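Listed below are the residues making up each chain.
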Amino acid sequence: MRITKHEHATLRLEHDGQTLLIDPGTFTAPLDGLSNVVGVIITHEHPDHWTSTHLERILQAAPGTPILSTEGTAAASDHDITVVAPGQTHTIGPFTLRFFGGTHAIIHSSLPVPENLAVLVNDELYYPGDSYALPDEIEVQTLAAPLGAPWLKIGEAMDFVLAVAPRRCFGTHDMTLSAVGRGMHRQRLQWATEQHGGEFVELDPGMSLEV
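Sequence order sets the numbering: in each chain, residues are counted from 1 along the sequence as written. The model is predicted, so local features are restricted to residues of pLDDT at least 70 and side-chain atom pairs to those at 80 or more, both for listing and for counting; the totals for chains, interfaces and linings are taken over all residues. No hydrogens and no water enter the side-chain calculation; it runs on all heavy atoms of the structure.

Caption draft 1: Quick peek at the overall build of the protein chain. Going along the chain from the N terminus, every DSSP run of H or I of four or more residues is numbered as a helix, and every run of E of two or more is numbered as a strand. Scanning the protein chain from terminus to terminus reveals 4 helices and 14 strands. The C-alpha atoms of the protein chain give 16 Å as radius of gyration, which agrees with the globular expectation for 211 residues (17 Å, within 12%). The principal-axis extent of the C-alpha atoms belonging to the protein chain is close to 45 × 45 × 35 Å. Using a 1.4 Å probe on the protein chains alone, a residue whose accessible area is under 20% of its type maximum counts as buried, one over 50% counts as exposed, and one in between counts as partly exposed. Across the 211 residues that make up the protein chain, the buried fraction comes to 53%. Contacts are assigned to residue pairs with any non-hydrogen atoms lying within 4.5 Å of each other. Long-range contacts, defined here as pairs at least 24 residues apart, represent 56% of the contacts in the protein chain between residues at least 6 apart. Summing over all exposed atoms, the protein chain offers an accessible surface of approximately 9,100 Å²; the carbon and sulfur share of this is 49%. Neither His nor the chain ends is counted toward charge; the positive residues are Lys and Arg and the negative residues Asp and Glu. The atom standing in for a charge is NZ when the residue is Lys, CZ when it is Arg, CG when it is Asp and CD when it is Glu. Across the protein chain, the mean location of the 11 positive side-chain charges is 8 Å away from that of the 26 negative side-chain charges. When we talk radius of gyration, it's over C-alpha atoms, and the globule rule is simply 2.2 Å times the number of residues to the 0.38. Computed with the Shrake-Rupley method and a 1.4 Å probe, the accessible areas treat only the protein chains shown as cover for residues.

Listed below in structure tokens is the structure:
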């Protein structure tokens, strides 16, 4: 499976000639090569994780593509969205999706806390959305770990990586950081990854990882 990081929180997963997209949001440039998309996962309703414009481009290139997300996202969108919940498993094309989590990390007590999905794809890639949700007692091979956000404290992100103890890790959710901040946070997550013998991989937008 090939994992390509796009801007901010968007991931493109390719396997057996088919593509799964995760969280195409406002900070992500228009995506190309959409004709082979078989599914879209949106972890929660915040616009940095999805936009109608992205969904319309995807559906125009690949009509009928299923979109999986939370009730909050479905209520906010005019598109046909299949509501999924933690504990469920879905199969789309060559992708087996196991959902975890439940709620978004707290930004501030004055702001609502939406639902949030974490997802394990093909028992290989774990992506927590905007949360530190742990995937039960599953051994994670590849972790997409958040680098920066209004809700993120780097020490908590380090603790999350330490708890997951993945074989490999790369940073995502990083458009709110300067180049200096991104580099500093990557160093912190690299340290956390290496504590259990894992490898941290630096991925900039457009770069891919074969797993």
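Caption draft 2: A look at the packing of aromatic side chains. Working definition: rings of Phe, Tyr and Trp (its six-membered ring) pair if their centres are within 6.5 Å, and the pair is stacked with planes under 30 degrees apart, edge-to-face with planes over 60 apart, and tilted otherwise. The tally for this structure, following the rule as stated, stands at 3 aromatic pairs. Ring centres of F100 and Y126 lie 6.0 Å apart, and the angle between their planes is 75°; this geometry places the pair in the edge-to-face category. Taken as a pair, F100 in strand β8 (residues 95-103) and Y126 in strand β10 (residues 125-127) lie far apart in primary sequence, 26 residues in all. One exposure class covers both F100 and Y126, and it is buried. Measuring from centroid to centroid gives 5.5 Å for Y132 and W151, while their planes differ by 70°, and the two rings are edge-to-face. Taken together, the positions of Y132 in the loop between β10 and β11 (142-146) and W151 in the loop between β11 and α3 (154-164) put the pair 19 residues apart, joining distant regions of the chain. Overall, Y132 belongs to the partly exposed group, its relative accessible area being 22%. Among the aromatic residues, those joined into a cluster by ring pairs are Y132, W151 and F160.

Caption draft 3: Here's a closer look at the pattern of salt bridges. When a carboxyl oxygen of Asp or Glu is within 4 Å of a side-chain nitrogen of Lys or Arg, the pair counts as a salt bridge. Following the criterion strictly, the structure yields 8 salt bridges and no others. A salt bridge links D123 to R98; its shortest N-O distance comes to 3.4 Å. Within this pair, whereas D123 is found in the loop between β9 (115-121) and β10, its partner R98 is found in strand β8, the two being separated by 25 residues in sequence. Overall, D123 belongs to the partly exposed group, its relative accessible area being 47%. For R98, a relative accessible area of 30% puts it in the partly exposed group. Taken together, the shared-partner salt bridges in this structure form one network comprising K5, D174 and R182.

Caption draft 4: Here's a closer look at the side chain of Q141. Mapped onto the fold, Q141 is located in the loop between β10 and β11. Classification of Q141 by relative accessible area gives buried; the value is 16%. Any N or O atom pair separated by 3.5 Å or less is treated as a polar contact, with the protein-specific requirement of one donor-capable and one acceptor-capable atom, and with residues adjacent in sequence counted only for side-chain atom pairs. A polar atom in the side chain of Q141 sits 2.8 Å from the side chain of R167. Discounting chain neighbours no more than four positions away, the residues touching Q141 are D123, E124, P166, R167 and R168.

Caption draft 5: Main features of the pairing of strand β7 (residues 89-92). At least two bridges found by DSSP between two strands is the condition for calling them paired. Relative to β8, β7 is paired through 4 bridges, and the arrangement is antiparallel. Across the sheet, T89 pairs through a bridge with R98, a residue of β8. A loop of 2 residues connects β7 with β8, the two strands running antiparallel in sequence, and G93 in this loop sits at a positive phi of about 55°.

Caption draft 6: Representation of helix α1 (residues 52-61). Looking only at α1, the buried set comprises H54, L55 and I58. Seen end-on, α1 carries its buried residues on one side only, within an arc spanning 95°. Those residues of α1 that are exposed and aimed more than 90 degrees away from the buried face are T53 and Q60. Those residues of α1 hidden inside the fold are in contact with β3 (18-22), β4 (37-41) and β5 (67-69). Read the arc as the range of directions from the helix axis to the C-beta atoms.

Caption draft 7: Structural view of the UniProt feature "domain: Metallo-beta-lactamase" (unreviewed entry) in the protein chain. UniProt positions are given in the numbering used here, feature names are shortened, and annotations may be inferred rather than shown by experiment. Per the UniProt record, "domain: Metallo-beta-lactamase" (unreviewed entry) is found at residues 7-173. Structurally, residues 7-173 is divided into 16% helix and 32% strand, and its ends, taken at the C-alpha atoms, are 8 Å apart.

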